[in-house]
Protein chains: 2
Amino acid sequence: MFDEPIERLVEYFRSLPGVGKKTAERYVFHILEGSEETAKNFAQSILDVKQKVKLCSECGNYCTTDVCSICKKRNPKVICVVQEPKDIVSMEKVKSFDGVYHVLFGCINPLENKGPNDIRIKELLSRVSKNGVQEVIMATNPDVEGEATAMYVAKILKPLGVKVTRLAQGIAMGSNIEFADEITLEKALRQRQEL
Amino acid sequence: MFDEPIERLVEYFRSLPGVGKKTAERYVFHILEGSEETAKNFAQSILDVKQKVKLCSECGNYCTTDVCSICKKRNPKVICVVQEPKDIVSMEKVKSFDGVYHVLFGCINPLENKGPNDIRIKELLSRVSKNGVQEVIMATNPDVEGEATAMYVAKILKPLGVKVTRLAQGIAMGSNIEFADEITLEKALRQRQEL
């Protein structure tokens, strides 16, 4: 339907999460209707983000310096372990959390041939033993792989005398018991709190 | 929240139609998680689309050659007039249309100080007088400005002996009379067809 350069950009936009053909076409038309200056800056921003952004040498979060701003300023005795840097964005919405993070870049997943040595567990161990860490909060996803990873980390950290906790699982706030699945309800029931 | 290169790319993605902050962040994380090669090609595609894509010298559609593939192959005696190149994408879904297009790049809009000389009406006139055009189909949007533009074009083309038609207006297929607005219903009633 379109000439080659248009089709190719449509395909790149389609590769973004949740973007279908029609949406990708709208994006391309937006670029075509915009100025050449804007398009140049847009392209340069994509290059910049790949070239200038690296991983924090402490926690693995995306940053442009050697150590990220969270690691520099916050309480290093509490580490929240997440699977991906984007999970930090979600956790940071909880303003009350004052600790630091540790990104595993994935989780233990036998089906994908990913063992403990394929994610950043060794780095977590060395941080824990160096800094006198008091608590490690496992914030991996509440699925089979995330659970297994949390269990594994707990097993190897407990002998070091570190408290390992897991985000509570239960009914999401604002949701509806009618539509909650049975696994979530079972967790919520088992972890029920006294009022 | 993010370092500068990330924030900047988030802003560029946000400038795309219908993209909010959260979606833009997901796009940036997708780029960050992808290979540097992919990011480079993505950026190059944006540059290519602005540099290689130009306007068809006949109809004004986006293309990479001097005359677009539609103008080269199809019946030049029937011209469908649209406001923007993206409208051609929609019209092309109607497989039965065998004519060519003419892009006005906007419509007559006094509020935005856009008169007949600010859109490609002169070019339409010269095409019509050159090629022995039989019919001009006005496919401008069904709003005040689109209507006014259709009327204006009809007024200057009719003296040349050209048939000027307008896309039928009425209830959209698959929609619902209950929710149709009164202006649409009035049009549908006035343009009712005998069965």
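Residues numbered from 1 in each chain as written. Chains lettered and ligands numbered in written order. Predicted model: local features only at pLDDT ≥ 70, side-chain atom pairs only at ≥ 80, totals over all residues. Heavy atoms only, no water.

### Notes on the sheet that holds strand 5 (residues 135-138) of chain B
Residue and element names in this part refer to chain B. Test applied: By this definition, two strands are paired if DSSP reports at least two bridges between them. For helices the rule is a DSSP run of H or I covering at least 4 residues; for strands it is a run of E covering at least 2, with both sets numbered from the N terminus onward. Axis definition: a line fit to C-alpha positions, over the contact stretch in the case of helices; interaxial angles, taken between N-to-C directions, run 0 to 180 degrees. Throughout, a contact is declared for two residues whenever any of their heavy atoms are within 4.5 Å.
The strand order 4-3-5-6 describes an open sheet built from four strands, whose pairing is parallel. The open sheet has two free edges, formed respectively by strand 4 (99-103) and strand 6 (163-166), since each of these has just one partner strand. The sheet shows a mean angle of 25 degrees between the axes of neighbouring strands, taken without regard to direction. Pairing analysis gives five bridges linking strand 3 (residues 75-82) to strand 4, with the strands arranged parallel. Counted as the bridge partner of isoleucine 79 is valine 100 from strand 4. Across the sheet, helix 6 (residues 121-131) is in contact with strand 3, strand 4 and strand 5; its angle to strand 4 comes to roughly 150 degrees. Running over the sheet, helix 7 (residues 144-157) touches strand 5 and strand 6 and is turned about 170 degrees from strand 6.

### Section: the nonpolar core
A general feature of soluble globular proteins is that nonpolar side chains tend to end up buried together. Keep this limit in mind: Among buried residues, the Ala, Val, Leu, Ile, Met, Phe, Trp, Tyr and Cys ones that are joined through side-chain atoms within 4.5 Å form a nonpolar core. Summary of the burial criterion: residues with accessible area below 20% of their type's maximum are buried, those above 50% are exposed, and those between are partly exposed, where the area comes from a 1.4 Å probe applied to protein chains only.
Core analysis: the biggest nonpolar cluster contains 44 residues, and Phe13 of chain A together with Phe13 of chain B have the highest contact counts within it. Elements with a contribution of two residues or more to this core: helix 1 (4-14), helix 2 (21-33) and helix 3 (36-52) of chain A together with helix 1 (4-14), helix 2 (21-33) and helix 3 (36-52) of chain B. With residues up to four places along the chain from it excluded, the contact list for phenylalanine 13 of chain B reads Phe13, Leu16 and Phe42 of chain A together with Val19, Ala24, Tyr27, Val28 and Ile31 of chain B.

### Observations regarding the interface of chain B and chain A
Selection criterion: Defined here as a combined quantity, buried area equals the accessible surface (1.4 Å probe) lost by two parts on assembly, summed across both. Any Lys or Arg side-chain nitrogen located within 4 Å of an Asp or Glu carboxyl oxygen qualifies as a salt bridge. Any pair of N or O atoms that falls within 3.5 Å is considered a polar contact. Within protein, one atom must be able to donate a hydrogen and the other to accept it, and sequence-neighbouring residues count only if both atoms are side-chain atoms. Throughout this entry, Asp, Glu, Lys and Arg are counted as charged residues, while Ala, Val, Leu, Ile, Met, Phe, Trp, Tyr, Cys and Pro are counted as nonpolar. The remaining residues, Gly among them, count as polar.
On the chain A side, the residues contacting the 50 residues of chain B number 49 residues. The largest per-residue losses of area from chain B upon contact with chain A belong to Tyr12, Lys50 and Tyr62 of chain B, which jointly make up 13% of the total buried on that side. One can count four salt bridges joining chain B with chain A. At the boundary of chain B and chain A, one finds 17 residue pairs in polar contact (both at pLDDT 80 or more). Residue contributions to the side of chain B that touches chain A peak at 15 residues, all from helix 3 of chain B. Tallied by class, residues from the side of chain B that touches chain A come to 26 nonpolar, ten polar and 14 charged.

### Digging into a nonpolar patch on the surface
Put simply, the rule reads: Nonpolar side chains (Val, Leu, Ile, Met, Phe, Trp, Tyr) are joined into patches within 5 Å and like charges within 9 Å, using only residues with over 30% relative accessible area and no salt bridge. Here, Shrake-Rupley sampling with a 1.4 Å probe gives the accessible areas, and only protein chains in the shown set may cover a residue.
A surface patch of nonpolar side chains, about 250 Å² in accessible area, is lined by Ile171, Ile177 and Leu185 of chain A. Here leucine 185 of chain A falls in the partly exposed class, since its relative accessible area comes to 30%.

### Things to note about the side chain of glutamine 83 of chain B
Mapping glutamine 83 of chain B onto the fold places it in the loop between strand 3 and helix 5 (85-91). The class for glutamine 83 of chain B is buried, based on a relative accessible area of 8%.

### Description of the packing of aromatic side chains
To be explicit about the condition: Planes of paired rings set the category: under 30 degrees apart is stacked, over 60 is edge-to-face and the rest tilted, where pairs are Phe, Tyr or Trp rings (Trp by its six-membered ring) whose centres lie within 6.5 Å.
Scanning the model with the defined rule gives 13 aromatic pairs over all chains in all. Ring centres of phenylalanine 29 of chain A and tyrosine 62 of chain B lie 5.8 Å apart, and the angle between their planes is 35 degrees; this geometry places the pair in the tilted category. Taken together, the residues phenylalanine 29 of chain A in helix 2 and tyrosine 62 of chain B in strand 2 (residues 62-63) connect one chain to another. Neither phenylalanine 29 of chain A nor tyrosine 62 of chain B differs from the other in exposure class; each is buried.

### Description of the packing of helix 6 of chain B against helix 7 of chain B
Geometrically, a packed helix pair is captured by the angle between its two axes and the distance between the axes. All names here are of chain B. Using the following cut-off: Here a crossing is called left-handed whenever its near helix is offset anticlockwise from the far helix by less than a right angle, and right-handed whenever the offset is clockwise.
Remark: helix 6 packs on helix 7, axes separated minimally by 11 Å, with the N-to-C direction vectors making an angle of 35 degrees. Once helix 6 is placed against helix 7, the crossing between them reads as right-handed. Here helix 6 contributes Ile121, Leu124, Leu125 and Val128 to the contact with helix 7, which in turn contributes Tyr152, Val153, Ile156 and Leu157. For the contact of helix 6 with helix 7, a count of residues per class yields eight nonpolar, no polar and no charged.

### Description of the confidence of the model for chain A
Residue and element names in this part refer to chain A. Basically, it comes down to this: One number per residue, pLDDT, summarises how confident the predictor is, and it ranges from 0 to 100.
Summing up the model confidence of chain A, the mean pLDDT is 91 and the portion of residues at 70 or higher is 100%. For chain A, per-element mean pLDDT is lowest for helix 8 (residues 182-190), which scores 85, and highest for strand 4 (residues 99-103), which scores 95. Interface confidence for the predicted complex, expressed as ipTM, amounts to 0.79; the pTM equals 0.79.

### Overview of the relation of the copies chain B and chain A
Operational definition: Least-squares fitting of one copy onto the other uses the C-alpha atoms of those residues that reach a pLDDT of at least 70 in both copies.
Structural alignment of chain B on chain A gives an RMSD of 0.1 Å, achieved by rotating through 179 degrees and translating 0.0 Å along the axis. Put plainly, the chains are arranged around a two-fold axis. Closest approach to the rotation axis among the C-alpha atoms of chain B is made by alanine 43 of chain B, whose C-alpha sits 2.1 Å away. Most of the interface of chain B is mirrored in chain A, where 98% of its interface residues again form contacts.

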